[in-house]
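Overview (structure and organization)
Read off the chains here:
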Amino acid sequence: MSEQLKVPTMQEAMAEGRQPDYLFWVGSAGAFDDRAKKITKAFVKLLNKANVDFAVLGIEESDSGDAAKRAGNEFLFQMQAMTNIEVMNMYQVKKIITTDPHDFNTLKNEYPGLGGNYEVYHHTQFLKQLISEGRIKVKESEFKGKNVTFHDPCYLGRANDVFEAPRALIETLGVNFKEMKRSQRTSLCCGAGGAQMFKEPEKGDKDINVLRTEDALETNPEVIITACPFCNTMMTDGVKAKEKEDNIQVMDIAELIADAED
Amino acid sequence: MSFIPNILFALALIAGVGFFAKNVKKLMRNIKLGQDVDVSDKKSERWRNMAMIALGQSKMVKRPIAGFLHVIVYVGFIIINIEVLEIIIDGLFGTHRIFSSIGSLYGVLIGSFEILAVLVLVSVIVFWIRRNIIKIKRFWKSEMTAWPKNDANYILYFEMVLMTLFLVMNATDIPFQNMDSGNVISQFIAPWFSSLPETTLHIIERSAWWLHILGILVFLNYLYYSKHLHILLAFPNTYYGSVKPKGQFSNLESVTKEVKMMMDPNVDPFAAPPEGAENAVPAKFGASDVQDLNWVQLLNAYTCTECGRCTSECPANLTGKKLSPRKIMMDTRDRLEEVGKNIDANNGEFKEDGKQLLDDYITREELWACTSCNACVEACPVSIDPLSIIMDMRRYLVMEQSAAPVELNNMMTNIENNGAPWPYNQMDRLNWKNE
Ligand code: SF4
Ligand code: SF4
């Protein structure tokens, strides 16, 4: 990314006596995973463009504990959660945006019971709002007219009933959008959830991400759109397993919007 | 001696209802073996769920063919049971068709029962064909052998016989046929019997009447042993089902207390625990047996209809893994039944039997194959949550036995040491900004 991103930290803001409107929760994947970092930056570019008053926790952010919780380690989850809550409450955080549906889910639903009460937005919801307020304008993009499909992340869709926001964003792109047979409420998992991302799958006759990629391939896509860093990895691997990586891209909705924005 | 049938009837009724009541008591006792859980919130939403999902069958019709047929059988079942009321009164007091005195409305009622009976008969036959001839995949998974498979078919035969008896009973009832009102279907069956003498007809009518009501009493008592318990339990189960976002898992309170103590700098870790604190600490984190689950999860297990909608949407099962959310529910019920029988056999005390839900019923391989995607929860037509049981059992494996797969242990060690699931340095968390 050529242009310099403005990524203030909460600590800097506090030193300047400012209280940013939003905390951008980057998440472990968004901070460390090479593919996810690109999504993080695409999203920050949009935040900068729309002049959103936000900050990140930077090195004061720690893993949300989601994967530990789904793996069954409630201790580790609650330690992570309480550590993060302590930091966020210290900065008097009110509103959070994140690009990771897993962190979105745990911050929104599971942190309140441990003393962390915030308004939490997934980036698809937030971008939709920015567009409807006219703070981001979607122009012609190189993707216009392309065949695309959308994979619902379990923790965004079924788990939290966010189906409409990503679709509304896709609509602004002027692409040729086709739903997969299994979509929205009956969408099929990419295979990463429940801490599966971090382990080998159990014995079976196929990998879940390959099955899901086959669902996507039925729509004959040029781009498979996701809204989760883990789905992105799984679908990218699935496309590779099908040897289609030369013809099919796997992209986050934020990247497409960032690309189409003027 | 003309009152002998009345007495026999009363005895049959008392026996049938009595056994049923006994089974219901056992059922409630078993469900109460589960841990307490607070379900007192959002009452109106819970009532609405019950009205929509159990009464309104809103989830059933997501699969239109099965849903439509099921609605017919369900409506037929409820409405035709009005007729049972008349049978009971007739049986006890020796009357014949006591409600017929209400006039033409009676004809309308019985007429609609007859039509429903035919519709139910047809639906049940289609169900049988789907199961046994078309062999729809979800009915032929590995957990659907022996009893579960037979159970499903027995009920279908039961319904077929009951509906046939009802129609034959009407067709051979000469006074009813002579009324010529309400015999919409049975008038076409009556000619098949018309060559028989009146006394024979009467015997057939009485036999059909008796078999019909005895059949219903047997059916009532069969429920407890069958997946057909759902016709009763679907109602409480949809009421007590989760009203939280599906992604929200419970935060274990017992853990919260300990973590708070650990993180509080003012707490002296070596101080003696305050009075009563010992009892407050639970014996166990997570679940390895049915008594560790909460009672709603146990109610779930009894409510499961074994329809397999959950399993047919489960990504792990679809890709050949051992995990089947339906099997999780069936195993939980089987183990709970076993525990219940153990308690019955030992004067109300559970005697250690060297078995548990984990390993003896549900294997670790199944538990670790779950992606926590909630597809099973979404698919279930009666608000069952197999995922919560899987999670509670994982909690036991990890927190009580440290028995997570190696890669997951690595992931968790990383989180503990450097705040990320991968071995990166916490201090590098913002490096992406300048890359
Ligand atoms: S939550 Fe687990 S058991 Fe349920 S459908 Fe998903 S993978 Fe299968
Ligand atoms: S849990 Fe629900 S969906 Fe699964 S078999 Fe039982 S009733 Fe059917």
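Treat the numbers as computed from the prediction; the structure is a model and nothing was measured.

This part takes up the overall build of chain B. Helices and strands together make up the secondary structure of chain B, namely 19 helices and zero strands. A principal-axis box enclosing the C-alpha atoms of chain B has dimensions of 95 × 55 × 40 Å. By sequence separation, contacts in chain B at least 24 residues apart represent 75% of the contacts at least 6 residues apart. Considering chain B, the positive charge centre built from 42 side chains and the negative charge centre built from 45 side chains are found 5 Å apart.

Turning next to the packing of helix α5 (residues 146-171) of chain B against helix α8 (residues 198-222) of chain B. Residues and elements named next belong to chain B. Two numbers describe how α5 lies on α8: the axes approach to 9 Å, and their chain directions differ by 150°. Relative to α8, the element α5 lies roughly antiparallel. Like other packed secondary-structure pairs, α5 and α8 cross with a definite hand, here left-handed. On α8, the residues touching Trp 147, Asp 151, Tyr 154, Ile 155, Phe 158, Leu 162, Leu 165, Phe 166, Val 168 and Met 169 of α5 are Ile 204, Glu 205, Ala 208, Trp 209, Leu 211, His 212, Gly 215, Ile 216, Val 218, Phe 219 and Tyr 222. Across the contact of α5 with α8, the residue classes break down as 17 nonpolar, two polar and two charged.

What follows deals with the environment of Met 262 of chain B. Looking at where Met 262 of chain B falls in the secondary structure, it is placed in helix α10 (residues 253-263). A sequence separation of 108 residues divides Met 262 of chain B from Cys 370 of chain B, and the C-alpha atoms of the two residues are 31 Å apart.

Turning next to the packing of aromatic side chains. All names here are of chain B. Tallied over the full model, the rule gives 23 aromatic pairs over all chains. When the centroid spacing of 5.1 Å and the interplanar angle of 90° are considered together, the rings of Tyr 224 and Tyr 225 count as edge-to-face. Judged by relative accessible area, which is 6%, Tyr 224 ranks as buried. Among the aromatic side chains, those forming a connected cluster through ring pairs are Phe 77, Trp 147, Tyr 154, Phe 158, Phe 219 and Tyr 222. Taking NZ or CZ as reference, Arg 97 lies 4.2 Å from the ring centre of Phe 176, over its face. Here Lys 135 stacks its cationic end above the ring of Trp 140, 4.4 Å away from the centre of that ring.

A separate point is the site of ligand 2. In the neighbourhood of ligand 2, 13 residues make up the surrounding shell, with Cys 304, Cys 307, Gly 308, Cys 310 and Cys 380 of chain B lying closest. Residues belonging to the shell around ligand 2 are distributed by class as follows: eight nonpolar, two polar and three charged.

So, about the domain arrangement of chain A. All names here are of chain A. Its domain assignment divides chain A into domain 1 (10-130) and domain 2 (137-261). For domain 1 versus domain 2, the separation of C-alpha centres amounts to 22 Å. Domain 1 puts 28 residues into the contact, and the matching count from domain 2 is 30 residues. Summed over both sides, the interface of domain 1 with domain 2 buries roughly 2300 Å², with 69% coming from carbon and sulfur.

A word on the pattern of salt bridges. Counted according to the given criterion, the structure contains 40 salt bridges over all chains. Between Arg 185 of chain A and Glu 378 of chain B there is a salt bridge whose closest N-O contact spans 3.4 Å. Placement of the pair is Arg 185 of chain A in the loop between β6 (176-177) and α9 (208-217) and Glu 378 of chain B in helix α17 (residues 375-379), with the two residues belonging to separate chains. For Arg 185 of chain A, a relative accessible area of 33% gives the class partly exposed.

To continue, consider the site of ligand 1. Within the structure, ligand 1 sits among 13 residues, and Cys 314, Cys 370, Thr 371, Cys 373 and Cys 376 of chain B are positioned closest to it. Of all elements in the fold, only α17 and α18 (386-400) of chain B reach the threshold of two or more residues within the shell around ligand 1.

All names here are of chain B. Along its sequence, chain B is organised into domain 1 (4-31 + 63-240) and domain 2 (253-269 + 282-422). Placing a centre on the C-alpha atoms of domain 1 and another on those of domain 2 gives a separation of 39 Å. Taken together, the contact pairs 27 residues of domain 1 with 30 residues of domain 2. For the pair domain 1 and domain 2, the two sides together bury roughly 2500 Å², of which 53% comes from carbon and sulfur.

The rules behind each value
- Residues numbered from 1 in each chain as written.
- Chains lettered and ligands numbered in written order.
- Predicted model: local features only at pLDDT ≥ 70, side-chain atom pairs only at ≥ 80, totals over all residues.
- Heavy atoms only, no water.
- Helix = DSSP H or I, 4+ residues; strand = E, 2+ residues; numbered from the N terminus.
- Contact = heavy atoms within 4.5 Å.
- Lys, Arg positive; Asp, Glu negative; His and termini not counted.
- Charge placed at Lys NZ, Arg CZ, Asp CG, Glu CD.
- Axes fitted to C-alpha atoms, helices over the stretch in contact; angles between N-to-C directions.
- Parallel < 35°, antiparallel > 145°, perpendicular 65-115°, else oblique.
- Left-handed = near helix turned anticlockwise from the far one by under 90°.
- Nonpolar A, V, L, I, M, F, W, Y, C, P; charged D, E, K, R; others polar.
- Phe/Tyr/Trp six-rings, centres within 6.5 Å; stacked < 30°, edge-to-face > 60°.
- Buried < 20%, exposed > 50% of the residue type's maximum accessible area, 1.4 Å probe, protein only.
- Lys NZ or Arg CZ within 6 Å of the ring centre and 35° of its normal.
- Near = heavy atom within 4 Å.
- Domains from an automatic or database assignment.
- Buried area = accessible area lost by both parts, 1.4 Å probe.
- Salt bridge = Lys/Arg side-chain N within 4 Å of Asp/Glu carboxyl O.

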